[in-house]
Amino acid sequence: MGKTAKKKIILAGKRGFCSGVKNALFLVEKVLAEAAEEDTEKRICVLHEIVHNDAIVNSLRKKGIIFIDEPEEAVNASTLIFSAHGVSPDVEKRSEKVCKNIVDATCPIVKKLHKTAEDFEKRNLSILLLGKRGHRETEGIAGRVEGKVTILQDENEVKSFLASLSSEEKKKTPFGCLSQTTMSAGLVKKMKELLAEKLANLEIAADVCYATKERQDAVKFLAQKCDMVFVAGSEKSSNSRRLVEIVKDCGKMSFLVPDPEKFVFPDLSKCETVGITSGASAPEYHVETLVKRLLDTDEFYLMENTEE
Ligand code: SF4
């Protein structure tokens, strides 16, 4: 710490890798270690980015992992690994046709959502999925059922959907509601309230996952104490972008930092306290790099206790 340092850096108490990401990375490293032990050239493929973080994906590429977009690209692969976001049964079947050795790194919490969607369908519930269209996890969940899944992305879409229903449908149709694990907990709560207000027969299962909620609560707390909050995380990472949005909703400035080495800090002259957190797929060394760069200015010191 520089002698004149007066400005504080506070770290979020809950940040970084969640259990699902840790599990997925552990499985990939295990496959790599087994291949190295056998000492033969292996083609190891991962379907989609294992987690949404460029630094991690690039470092695995350097170790020989091949990232693919479609199962058919895994021809001649010794192992095909599914990412933490999960896949649909159609993708599972196509994968089994091209590769005998499949390692499923789908997060157990996402798998539970798959089962709930299947259960809703068996019970003839109309499925509502609160999530982002086109996200791997949402596609994987929607793909678990044969019938229609209505994806609702925000409060406006919920309102339009409700307006499209007749009063008879609102009264009688049984609905089952699920949410993508990395949505904003606050937004999901509002969307569910809107649905529950109008739909007489609505079953709500599972919320955003515990890790997402913990990180969102921690950043909200951090935002109250800081002038500005930096979020280490990739543009592709839903949960990281959400952390930035939460800080902005609290009326504070926030920046997503995909690459902490190259990140150009905004003007910090008016900041007394800055906060740092990271998305569930961002490695801790990205937080450390940001801290080091701020400490190197001799204007900041790091608070010893992190904040919940
Ligand atoms: S954010 Fe939650 S659901 Fe997604 S991988 Fe992490 S623990 Fe699993």
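Since the structure is predicted, the reported quantities are computational estimates derived from the model, not experimental observations.

## Thoughts on the overall build of the protein
Scanning the protein for helices and strands turns up 11 helices and 13 strands. On C-alpha atoms alone, the protein measures out to a radius of gyration of 22 Å, which is about the 19 Å that the 2.2 N^0.38 rule sets for 308 residues. Over its C-alpha atoms, taken along the principal directions, the protein stretches across nearly 70 × 60 × 25 Å. Counting every position in the protein, which comprises 308 residues, the buried fraction comes to 41%.

## With respect to the sheet that holds strand β12 (residues 273-278)
Across a sheet, paired strands are connected by hydrogen bonds in the backbone, their directions being either parallel or antiparallel. With respect to topology, five strands assemble into an open sheet ordered β11-β10-β12-β1-β13, the strand pairing being parallel. Because the sheet does not close on itself, it has two edges, and the strands there are β11 (253-257) and β13 (300-302). Across the sheet, the mean angle from the axis of one strand to that of its neighbour is 25°, orientation sign disregarded. In terms of strand pairing, strand β1 (residues 7-11) meets β12 through four bridges, oriented parallel. Opposite leucine 11, over in β12, you have isoleucine 276 as the bridge partner. The sheet strands contacting helix α9 (residues 210-225) are β1, β10 (228-232) and β12, and the helix crosses β12 at an angle near 170°.

## Thoughts on the domain arrangement of the protein
Accessible area lost on assembly of the parts is the figure often given for the size of an interface. What the domain assignment reports for the protein is domain 1 (7-17 + 210-302), domain 2 (19-107) and domain 3 (109-204). In this structure, domain 1 and domain 3 have C-alpha centres spaced 31 Å apart. On the domain 3 side, the residues contacting the eight residues of domain 1 number six residues. Those elements that provide at least two residues to the side of domain 1 that touches domain 3 are α9 and α10 (238-249). Top element by residues in the side of domain 1 that touches domain 3 is α10. It accounts for five residues. Tallied by class, residues from the side of domain 1 that touches domain 3 come to one nonpolar, four polar and three charged.

## Overview of the sheet that holds strand β4 (residues 79-82)
Across the sheet, four strands lie side by side as β3-β2-β4-β5; this open sheet has parallel pairing. At either margin of the open sheet sits one strand with a lone partner, and together these are β3 (66-68) and β5 (102-104). Strand-to-strand twist of the sheet, defined as the mean angle between neighbouring strand axes without regard to direction, takes the value 25°. Judged from the four bridges that link them, strand β2 (residues 44-47) and β4 form a sheet pairing that is parallel. Residue pairing for β4: valine 46 is matched across the bridge by isoleucine 81.

## Digging into the packing of helix α6 (residues 155-164) against helix α8 (residues 185-198)
The interhelical angle for the contact between α6 and α8, taken along N-to-C directions, is 15°, at an axis separation of 9 Å. Judged by the inter-axis angle, α6 sits roughly parallel to α8. Our pair here, α6 against α8, has a crossing hand that is right-handed. For the pair α6 and α8, contact is made by Glu155, Val158, Lys159 and Leu162 and by Lys190, Met191, Leu194, Leu195 and Lys198, respectively. Residue composition of the contact of α6 with α8, by class: five nonpolar, no polar and four charged.

## Side note on the environment of lysine 111
Here lysine 111 shows up in helix α4 (residues 108-122). Sequence separation between lysine 111 and leucine 199 is 88 residues, and the spatial gap between their C-alpha atoms is 27 Å. Aside from chain neighbours lying at most four places away, what touches lysine 111 is Gly86 and Thr106.

## Quick word on the nonpolar core
Ranked by size, the top nonpolar core spans 52 residues in total, and within it Val28 and Ile50 carry the most contacts. Counting residues per element, this core draws most heavily on helix α1 (residues 19-38), at five residues. Core analysis: the second largest hydrophobic core is formed by 25 residues, Ala218, Cys226, Val247 and Phe300 among them.

## A few points about unusual backbone geometry
Positive phi values are uncommon outside glycine, yet histidine 48 reaches one of about 70°. By the secondary structure assignment, histidine 48 is in the loop between β2 and α2 (54-62). By the C-beta count within 10 Å, which is 22 here, histidine 48 ends up buried. One non-glycine residue, asparagine 76, lies in positive phi territory at about 70°. We classify asparagine 76 as exposed; it has 8 C-beta atoms within 10 Å.

Each value, and the rule that gives it
- Residues numbered from 1 in each chain as written.
- Predicted model: local features only at pLDDT ≥ 70, side-chain atom pairs only at ≥ 80, totals over all residues.
- Helix = DSSP H or I, 4+ residues; strand = E, 2+ residues; numbered from the N terminus.
- Rg over C-alpha atoms; globule rule 2.2 N^0.38 Å.
- Buried ≥ 20, exposed ≤ 12 C-beta atoms within 10 Å, placed from the backbone.
- Pairing = 2+ DSSP bridges.
- Axes fitted to C-alpha atoms, helices over the stretch in contact; angles between N-to-C directions.
- Contact = placed C-beta atoms within 7 Å.
- Domains from an automatic or database assignment.
- Nonpolar A, V, L, I, M, F, W, Y, C, P; charged D, E, K, R; others polar.
- Parallel < 35°, antiparallel > 145°, perpendicular 65-115°, else oblique.
- Left-handed = near helix turned anticlockwise from the far one by under 90°.
- Core = buried A, V, L, I, M, F, W, Y, C linked by C-beta atoms within 7 Å.

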